[in-house]
Amino acid sequence: MFPRSHFSSSFPEGAIQIPKIRRAYGKHRDYAIGDGSRGRGREAYNRIQGWTLQKCASPHDDSRPTAVTKTRHQVPTAERALLVGVGWKRAPRFPGMPAGEQGRESLLELVELARSAGAEIAGTVFQMRDAADPATLVGRGKLDEIRAEATAHKAPLIIFDSNLSPVQQRNIEEATECRVIDRTQLILDIFARHARSREGQLQVELAQLNYMLPRLTGKGTAMSRLGGKSGGGGAGRIGVRGPGEKKLETDRRRIRDRVRKIETSIDAVRKQRALRREARNAVPLGTIALVGYTNAGKSTLFNALSRAEVLVSPRMFATLDPTIRALRLPSNRRVLVSDTVGFIRDLPKGLLTAFRATLEEVQQAALILHVSDVSNPHHDELDEEVDKILRELGVDGRPRLRVLNKMDRLTPEDRKAITNGVERSASAGGAPVLVSALAGEGIEEMLRRMDAEMPTDPVVTLSIRLPLAEGRTLALIHALGRVLHSEIDDSHMRLDAEVPASIAKRLRLKEYAVEEPFRALSRNIE
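It should be emphasised that the depicted structure is a prediction, and the values quoted were computed from it without experimental measurement.

For the protein chain, per-residue confidence averages 75 on the pLDDT scale, and residues scoring 70 or more make up 70% of the total. Here helix 3 (residues 29-34) stands out as the element of the protein chain with the lowest mean pLDDT, 41, in contrast to strand 3 (residues 157-160), whose mean of 95 is the highest. Across residues 1-39, confidence stays below pLDDT 50; counting only partners more than four residues off in sequence or on other chains, it has 45 contacts. Note that residues 230-235 has pLDDT below 50 and, in this model, four contacts with residues that lie over four places away or in other chains.

Shown next as structure tokens:
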């Protein structure tokens, strides 16, 4: 609209000033308005300003003026964390394993835990020690190195793989000037993110309060007395006189009160769950519990068995609350399959209460499916950790079926070696089952083994004659058993069926059994 020479004659190129542009706009305002539109004048001014800003940024650019735009930048929200692991030189280990290997594996596991909690891993530090330092766990020299690493990586959070005492945690925070948490606190944070049921949330809060109680601290006036006795020189100020209780004591008292309320609520929820379990047991069904180390593929296997839509995630403790689905075995027996939370090494006993809802399903199970990630080169060590937790629960003598999962991740050589080992152990009995839950491989064989390993409720074959008025009994036989033949005989129904022994006893099918042709078999239910 305006010739370039009009502006370049008044000042040098690259030194255009906004006030002169405004004067130029004012000078040609009549031209813009006289053209029939006031908006065109404003548009001309905007174009001139855009060209001015462009020329100021690039004085040698003679291209057409362009508008200045803003660029959006993604601001990271994950908290950066530095992970610290400690290995013990004299710790017991498997034969052939170098010293400190278990500590390094535990540190790698801590990396996955931190990612599950939403942290961004800034770096890792590992130290080998003969014994733990009672004040700082790692020693003063190592603390200086940790502080330098945290500063260099701009990590305001330091996570220790070991469990820290309150004194150690406070000393490390003072030396590094960073926030410090240990493995237990990290697991509790993950539990708080993944707990969905009311009882799970209460159990996690209870564990967090019990963990926090001995770690309350403060500086200066933060923990000073709230008041003092009236009268005398040491009396408190007006309006705050009282028993002189410290703020630290007040916080502890409030935590204890909250703990008592949570324990009462948990007892009420547990009674409700016991009532639901009794109602569920009114129709006796065997329970099968899936257990295993975290990330062994239990939820994927559970979905493959029950066609459920349980969350499948590589993050640790993604499944915290138990999920139960009904499943029909090849013998037509119906069982309940429970998906449980994954176990982890060095789990503090105080955290077992957060597993209570899941662990009760394991303790009530008639058969335990121990799922292992066979693609993990250290799966034998992880299985030993699972066995240790099962022994603590008192279910180590329960019938168990080992399931080697993730066979699709093995190389042909490893797959052949594991298959040969399973075939050799099959002759001695108790051989594991090779499956791939993701690919659906070996599921039928596993169902057949589950049917054979179920110790309760053997299937009996009966020939009965029921009145047609017994509609509930007939429905239960069809729902919980397998009807081989049925026909109407006058006002009765003649059935040849295979039913679990517990169902036959509960429904008193012995009273309706006919003498032929299953006279001998009907005695099995007595």
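Next comes the rest of the description.
Strand order in this open sheet of six strands is 6-7-5-8-9-10, and the pairing throughout is mixed. Two strands lie at the open edges of the sheet, namely strand 6 (323-328) and strand 10 (433-434), each paired on one side alone. In this structure, strand 6 lies alongside strand 7 (residues 334-339), joined through six bridges in antiparallel fashion. Residue pairing across strands places L327 opposite V335, the latter belonging to strand 7. Its contacts with the sheet place helix 13 (residues 379-393) against strand 5 (286-292), strand 8 (367-373) and strand 9 (400-405), and it is angled at close to 150° to strand 8. Running over the sheet, helix 15 (residues 443-453) touches strand 5, strand 6, strand 8, strand 9 and strand 10 and is turned about 170° from strand 9.

Below, the discussion takes up the side chain of R449. Along the polypeptide, R449 turns up in helix 15. Exposure remark for R449: the relative accessible area of 14% places this residue in the buried category. A distance of 2.9 Å separates a polar side-chain atom of R449 from the backbone oxygen of A431. Beyond its immediate stretch of four places on either side in the chain, R449 contacts L401, G430, A431, P432 and V433.

A word on the environment of R140. Along the chain, R140 turns up in helix 6 (residues 140-152). Taking the C-alpha atoms as reference points, R140 and N171, 31 residues apart in sequence, are found 10.0 Å from one another.

Before going further, it helps to examine the nonpolar core. In this structure, L83, I159 and L186 are the most contacted members of the largest nonpolar core, which totals 34 residues. Listing elements by their share of this core, those giving two or more residues are strand 1 (79-88), helix 5 (101-116), strand 3, helix 8 (183-194), strand 5, helix 12 (356-363) and helix 13. Other than its neighbours up to four places away in sequence, L186 contacts L110, L113, A114, A117, I159 and I181. By size, the runner-up hydrophobic cluster in this structure holds 24 residues, among which are V335, A366, L367 and L447.

What follows covers unusual backbone geometry. The phi dihedral of N295 is positive, around 65°, even though this residue is not glycine. Along the chain, N295 falls in the loop between strand 5 and helix 11 (298-306).

As a further point, take helix 9 (residues 198-212). Its 15 residues give helix 9 an end-to-end C-alpha distance of 21 Å, which sits within 8% of 21 Å, the value for a rise of 1.5 Å per residue. Along helix 9, the residues that are buried comprise E199, G200, L202, Q203, V204, L206, A207, L209 and Y211.

Below, the discussion takes up the packing of aromatic side chains. Scanning all chains against the criterion turns up zero aromatic pairs. The ring centre of Y211 lies 3.8 Å from the NZ or CZ of R215, which sits over that ring.

The rules behind each value
- Residues numbered from 1 in each chain as written.
- Predicted model: local features only at pLDDT ≥ 70, side-chain atom pairs only at ≥ 80, totals over all residues.
- Heavy atoms only, no water.
- pLDDT = per-residue confidence, 0-100.
- Helix = DSSP H or I, 4+ residues; strand = E, 2+ residues; numbered from the N terminus.
- Contact = heavy atoms within 4.5 Å.
- Pairing = 2+ DSSP bridges.
- Axes fitted to C-alpha atoms, helices over the stretch in contact; angles between N-to-C directions.
- Buried < 20%, exposed > 50% of the residue type's maximum accessible area, 1.4 Å probe, protein only.
- Polar contact = N/O pair within 3.5 Å; in protein donor to acceptor, adjacent residues only side chain to side chain.
- Core = buried A, V, L, I, M, F, W, Y, C linked by side-chain atoms within 4.5 Å.
- Expected span 1.5 Å × (residues − 1).
- Phe/Tyr/Trp six-rings, centres within 6.5 Å; stacked < 30°, edge-to-face > 60°.
- Lys NZ or Arg CZ within 6 Å of the ring centre and 35° of its normal.

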